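# Reading the structure
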Amino acid sequence: MLDCLIRGVNLPDGRKGVDIAINEGRIVEVAPCIGAKAAQEIDASGCLATPPFVDSHFHMDATLTYGQPRINESGTLLEGIALWGELKPHLTVEAIKERARQLCRWAIAKGTLAIRSHVDIGDERLLAVQALLDIREEFKPYIDLQLVAFPQDGYLRHEKNRGNMERALDMGVDVVGGIPHFERTMAEGALSVKLLCELAERRGLPVDMHCDESDDPLSRHVETLAYHANRLRLQGRVTGSHLTSMHSMDNYYVSKLIPLMKEAGLNAVANPLINITLQGRHDTYPKRRGMTRVKELMAAGINVSFGHDCVMDPWYSFGSHDMLEVAHMGLHVAQMTGVAEMRRMFDAVTVNGARTLGLEGYGLEPGCRGDMVIIQAGDVHEALRLRPPRLYVIRRGRIVSRMMPAVARVSLGNAVYEVDFRYPA
Ligand code: FE2
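None of these values were measured; they are calculated from a predicted model. (Residues numbered from 1 in each chain as written. Predicted model: local features only at pLDDT ≥ 70, side-chain atom pairs only at ≥ 80, totals over all residues. Heavy atoms only, no water.)

Let us now look at the nonpolar core. Counting residues in each nonpolar core, the largest one holds 102 residues, and the members touching the most others are M60, M165, L225, M246, M261, V294 and F306. The dominant element in this core, judged by the number of residues it contributes, is helix α3 (residues 127-138), at 7 residues. For this core, the domains that each give at least three residues are domain 1 (2-51 + 363-409) and domain 2 (53-357). With 19 residues, the next largest nonpolar core counts I6, V30, C47 and A49 among its residues. (Core = buried A, V, L, I, M, F, W, Y, C linked by side-chain atoms within 4.5 Å. Buried < 20%, exposed > 50% of the residue type's maximum accessible area, 1.4 Å probe, protein only. Helix = DSSP H or I, 4+ residues; strand = E, 2+ residues; numbered from the N terminus. Domains from an automatic or database assignment.)

Turning our attention to the coordination of the iron ion. Protein-derived coordination of the iron ion comes from H57 (NE2), H59 (NE2), H210 (NE2) and D309 (OD), at a distance range of 2.2 to 2.5 Å. As a motif over one chain, the donors of the iron ion read H-x1-H-x150-H-x98-D. Linking H59 in the loop between β6 (53-58) and α1 (77-87) with D309 in the loop between β13 (304-306) and α11 (323-333), this pair joins segments that are 250 residues apart in sequence. Assessed through its relative accessible area of 8%, H59 is described here as buried. (Donors = N, O, S within 2.8 Å, 3.2 Å for Na, K, Ca; no water.)

The omega angle of the peptide bond from Q68 to P69 is -10°, so this bond is cis rather than trans. Mapped onto the secondary structure, P69 falls in the loop between β6 and α1. Here Y285 and P286 are connected by a cis peptide whose omega angle stands at -5°. Position of P286 relative to the elements: it lies in the loop between α9 (272-278) and α10 (294-299). Residues other than glycine seldom take positive phi values, yet R396 does so here, at roughly 55°. Its location among the elements puts R396 in the loop between β15 (390-395) and β16 (398-402).

We now examine the pattern of salt bridges. Evaluated as defined, the whole model comprises 35 salt bridges. In this structure, R15 and E365 form a salt bridge, with 3.1 Å as the shortest nitrogen-oxygen distance. Of this pair, R15 sits in the loop between β1 (2-9) and β2 (18-23) while E365 is found in the loop between α13 (351-357) and β14 (372-375), placing the two residues 350 residues apart along the sequence. Relative accessible area serves as the criterion here: at 32%, R15 is assigned to the partly exposed category. Among the residues examined, E365 registers a relative accessible area of 37% and is labelled partly exposed. A salt bridge links K140 to E137, with the shortest nitrogen-to-oxygen separation between them at 3.4 Å. The exposure class assigned to E137 is partly exposed, which follows from its relative accessible area of 43%. (Salt bridge = Lys/Arg side-chain N within 4 Å of Asp/Glu carboxyl O.)

With that settled, the discussion passes to the domain arrangement of the protein. Where interface size is given, it is often the accessible area lost as the parts come together that is meant. Here the domain parsing of the protein yields domain 1 (2-51 + 363-409) and domain 2 (53-357). Relative to domain 2, the C-alpha centre of domain 1 lies at a distance of 30 Å. Of the residues lining the interface, 20 residues belong to domain 1; the matching set on domain 2 comes to 21 residues. Here domain 1 meets domain 2 over a buried area of about 1,700 Å², counting both sides, of which 67% is carbon and sulfur. When the buried area of domain 1 at its contact with domain 2 is split by residue, L384, R390 and R395 rank highest and sum to 39% of it. On the surface where domain 1 and domain 2 come into contact, there are 2 salt bridges. Among the salt bridges present, the one from D322 reaches R390, with a minimum N-O distance of 2.8 Å. Put simply, domain 1 and domain 2 have 7 residue pairs in polar contact (both at pLDDT 80 or more) between them. (Contact = heavy atoms within 4.5 Å. Buried area = accessible area lost by both parts, 1.4 Å probe. Polar contact = N/O pair within 3.5 Å; in protein donor to acceptor, adjacent residues only side chain to side chain.)

Sheet strands associate in pairs through backbone hydrogen bonding, adopting either a parallel or an antiparallel arrangement. Sheet architecture is open: 4 strands sit in the order β5-β14-β15-β16, paired in antiparallel fashion. Edge strands, defined here as strands with exactly one partner in the open sheet, are β5 (48-50) and β16. Direction aside, neighbouring strands of the sheet carry axes that sit 20° apart on average. Across 4 bridges, β14 lies against β15 in antiparallel orientation. Bridge pairing in β15 places V373 opposite V393. (Pairing = 2+ DSSP bridges. Axes fitted to C-alpha atoms, helices over the stretch in contact; angles between N-to-C directions.)

Laid out in structure tokens, this is it:
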């Protein structure tokens, strides 16, 4: 007797009407009409099954603080940073944990079972670090949560942050972060990248930096990050997040930079919802979109994944932690509307994210972990178009969230039509 058997699903690669069998937490078979019995059987005929969504870049310590202590009136990055500064002295471990718990429940309901969250280490008390380490353990059965030690107000800009970084890593934070474009000078930014990559190399940890989250076409920290990843042989372990300066860079320079990134095995993370709202604020018209060069990076064979970055925090007043919403925005901003391109946008919130995080056993093949999401959509295109309910979210072969299908009943005269927006009806 199997633990769980899902019947009749379509897969992101185009296979239709297959069954997926899960036993002892792992997928054991993917085939049409599996003849076994299971303790839990789910009829999901015609629905899309996907490996769980992965959020490659988030800030769980700041999430769900909307309105605390006040709302970001201008909606800008700078007012957001000021607001976070006002809020920080009032944070408590328990308040951070309670907000993080709520966010994790939202994420699970939307089918996101892996999140890489940056955590601000600028507070000497490291309250947010302690809170999110606790949450990482508490939610281990449900979510793979990775933490990045993030010096929000600069690594070299504030003396305390060098010690705070070491202490956060000693406490068990998984990844070394940074913010070179926020250091005092370009040279200091470059030095911070060098020191932080060397620190990661010494400790055997990955690197994930906010790198060039600016509209400055002359910022060069992505190049420096690629250089040190290559020099220290950290290929595949280093991630550049945001990389928005690349949007504004000279094309000739980018034609040199992208091969350097490829050679260094850099992962790139874009945050479409945030980049489109926070970048280009100094422009009149034409107004830059600010997101990094997703299409060109993917074409060069660089692993590009997407992050939600923010949900109802000082920088962003929207969101319900839905990675389909992120992919939908990314698709529009990057103009990835070709058939194969849409599939790549779905990959950016699933398999590519798993690669950025280095997740073990991710996928829908035999031997992979029994984690998946059943969506009220027939294929990837429909999932992106409708961002519909996640009917079942399954972790290690057990249902951890379920949702009713969304169907409207439209009454026109004597006729009643059920409308779920799927095509063909
Ligand atoms: Fe961020």
